[in-house]
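# Understanding the architecture of this molecule
Spelled out, the chains give:
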Amino acid sequence: MNQKNHSSDSKDYNNLVSQIAEVYKQGQFNASVAVNTALVETYWEIGKYIIEFEQKGKLKAEYGTALINNLSKDLTLAFGKGFSRSNIIYMRLFYKEFQISQKTSDLLSWSHYVELLRISDKLERSFYLQQTSSGK
């Protein structure tokens, strides 16, 4: 009988380990999705601030300023990685090209959006956005 209890305890223990592993994996996934969503929303907001600063209430921005270069230098000094000139350009473009309601897919990371922004044809971009957002 002692052998039987040990076998039963071992099976129960293995089930406990499996349950903990499953909930831990799900928690990691949920945290990853939450961080990704927050990052994408943050980059959209940064793009918004840049556009609003550039336009200063005008319909179109006055170009020829060193704004992007200065932002890249100053934000990299303040925060480190993530504020390269190209990344800031993509943040700006992200705000211009995506309405807030269009960018809420938890399936897409910032890297996905950068790849989509590289597609200049809006119809083609929309097609790929729809394909990736629906998980196909």
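Quick look at the packing of helix 3 (residues 85-97) against helix 4 (residues 110-117) now. Running from N to C, helix 3 and helix 4 point in directions that differ by 75°, and their axes come no closer than 10 Å. When the axes of helix 3 and helix 4 are compared, the pair comes out roughly perpendicular. Packed against helix 3, whose contacting residues are Asn87, Tyr90, Met91, Leu93, Phe94 and Glu97, the element helix 4 presents Trp110, Tyr113, Val114 and Leu117 at the interface. Along the lines of polarity and charge, the residues of the contact of helix 3 with helix 4 split into 8 nonpolar, 1 polar and 1 charged.

Once that is clear, we can look at the packing of helix 2 (residues 67-79) against helix 3. Two elements in contact, helix 2 and helix 3, have axes whose closest approach is 9 Å; the angle formed by their N-to-C orientations is 115°. Our pair here, helix 2 against helix 3, has a crossing hand that is right-handed. Contacts between helix 2 and helix 3 involve Ile68, Asn69, Leu71, Ser72 and Leu75 from the first element and Arg85, Ile88, Ile89 and Arg92 from the second. Residue composition of the contact of helix 2 with helix 3, by class: 5 nonpolar, 2 polar and 2 charged.

The next subject is the pattern of salt bridges. Enumeration over the complete set of coordinates arrives at 4 salt bridges. Among the ionic pairs, Glu97 bridges to Lys122, the shortest N-O distance being 3.2 Å. Here Glu97, found in helix 3, pairs with Lys122, found in helix 5 (residues 122-133); they are 25 residues apart in sequence, far enough to count as distant. Residue classification places Lys122 among the exposed positions, given a relative accessible area of 56%. Among the charged side chains, a network of salt bridges with common partners joins Glu97, Lys122 and Arg125.

A few words on the side chain of Arg125. Checked against the element boundaries, Arg125 lands in helix 5. For Arg125, a relative accessible area of 8% corresponds to the buried category. Leave out the neighbours within four places in its chain, and Arg125 touches Glu97, Phe98, Leu116, Leu117, Ile119 and Ser120.

A general trend in soluble globular proteins is that nonpolar side chains are found buried together. Within the largest apolar cluster, 21 residues are counted, with the highest numbers of intra-cluster contacts made by Phe94, Trp110 and Tyr113. Every element with two or more residues in this core is listed here: helix 1 (2-55), helix 2, helix 3 and helix 4.

With that out of the way, let us pick up helix 3. Taking 1.5 Å as the rise per residue, helix 3 with 13 residues should run 18 Å; its terminal C-alpha atoms sit 18 Å apart, in good agreement. Taken together, the buried positions of helix 3 are Asn87, Ile88, Tyr90, Met91, Arg92 and Phe94.

Reading the values: the criteria
Residues numbered from 1 in each chain as written. Predicted model: local features only at pLDDT ≥ 70, side-chain atom pairs only at ≥ 80, totals over all residues. Heavy atoms only, no water. Axes fitted to C-alpha atoms, helices over the stretch in contact; angles between N-to-C directions. Helix = DSSP H or I, 4+ residues; strand = E, 2+ residues; numbered from the N terminus. Parallel < 35°, antiparallel > 145°, perpendicular 65-115°, else oblique. Contact = heavy atoms within 4.5 Å. Nonpolar A, V, L, I, M, F, W, Y, C, P; charged D, E, K, R; others polar. Left-handed = near helix turned anticlockwise from the far one by under 90°. Salt bridge = Lys/Arg side-chain N within 4 Å of Asp/Glu carboxyl O. Buried < 20%, exposed > 50% of the residue type's maximum accessible area, 1.4 Å probe, protein only. Core = buried A, V, L, I, M, F, W, Y, C linked by side-chain atoms within 4.5 Å. Expected span 1.5 Å × (residues − 1).

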